[in-house]
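Observations on the model geometry
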Amino acid sequence: MRTKRLRWILRVLRKAEPTDLPVVVRRASLDNLYRDDDNRPVDKPILLTGYCLARPTRYVIVVNTRLSARAQEEVVLHEYAHAVAYPLQGESRKLLHDRVWGICYARCWRHFGM
Ligand SMILES: [Zn+2]
């Protein structure tokens, strides 16, 4: 796994798209999901690519190591955009895929010719 490249991506993002709290990235082998958001069983297992947790003192991005190196990089960009967008998204205190997140996501992508 190209952790060196992931570290470089994170370094570029931290400098170019600062967040209100530090962002840490962890890699883990994540199990498939067998239930949907409403806790109902699903027909086909859902691949959990990664997620971002907004903690009181930092954002924790978790990336599934079962993905290809390229896919892991894309997950970091996606989740990092959540960390940038989070304080701008008002009082909902949720990690949304709204317009604000979309703009942050596009900004994150701009730094890489991926
Ligand atoms: Zn997301």
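Higher on the page you've got the structure.
The following paragraphs examine the structure supplied in this document.

Examining the overall build of the protein
For the protein, the count of helices and strands is three helices and five strands. For the protein, the N- to C-terminal ordering of α and β elements is α-β-β-β-β-β-α-α. Its C-alpha atoms give the protein principal-axis dimensions of about 40 × 40 × 25 Å. Taken over 114 residues, the protein has a buried fraction of 20%.

Considerations on unusual backbone geometry
Even without being a glycine, Asn39 presents a positive backbone phi close to 65°. As for its placement among the helices and strands, Asn39 is situated in the loop between strand 2 (33-35) and strand 3 (41-46). We classify Asn39 as exposed; it has 6 C-beta atoms within 10 Å.

Re the nonpolar core
With 18 residues, the main nonpolar core has Ile61, Val76, Tyr80, Ala81, Ala83 and Val84 as its most contacted residues. Contributions of two or more residues to this core are made by helix 1 (3-16), strand 1 (23-28), strand 5 (59-64), helix 2 (69-85) and helix 3 (99-110). In terms of residue count, helix 2 provides more of this core than any other element does, seven residues in total. Setting aside residues up to four positions removed in sequence, Val84 forms contacts with Glu17, Thr19 and Cys104.

Comments concerning the packing of helix 1 against helix 2
The contact between helix 1 and helix 2 brings their axes to 10 Å, and the two run at 25°. In this view, helix 1 runs roughly parallel relative to helix 2, as classed from their interaxial angle. Every pair of crossing elements has a handedness; the one defined by helix 1 and helix 2 is right-handed. Residue-level inspection shows Arg5, Leu6, Ile9, Leu10 and Leu13 of helix 1 in contact with helix 2, the latter providing Gln72, Glu73, Val76 and Tyr80. Its residues assigned to classes, the contact of helix 1 with helix 2 comprises six nonpolar, one polar and two charged.

Concerning the pairing of strand 3
A small share of strand 3 lies buried, amounting to zero of its six residues. Here strand 2 folds back onto strand 3, and the loop between the two strands holds five residues, one of which, Asn39, carries a positive phi near 65°.

Rules behind the numbers
- Residues numbered from 1 in each chain as written.
- Predicted model: local features only at pLDDT ≥ 70, side-chain atom pairs only at ≥ 80, totals over all residues.
- Helix = DSSP H or I, 4+ residues; strand = E, 2+ residues; numbered from the N terminus.
- Buried ≥ 20, exposed ≤ 12 C-beta atoms within 10 Å, placed from the backbone.
- Core = buried A, V, L, I, M, F, W, Y, C linked by C-beta atoms within 7 Å.
- Contact = placed C-beta atoms within 7 Å.
- Axes fitted to C-alpha atoms, helices over the stretch in contact; angles between N-to-C directions.
- Parallel < 35°, antiparallel > 145°, perpendicular 65-115°, else oblique.
- Left-handed = near helix turned anticlockwise from the far one by under 90°.
- Nonpolar A, V, L, I, M, F, W, Y, C, P; charged D, E, K, R; others polar.
- Pairing = 2+ DSSP bridges.

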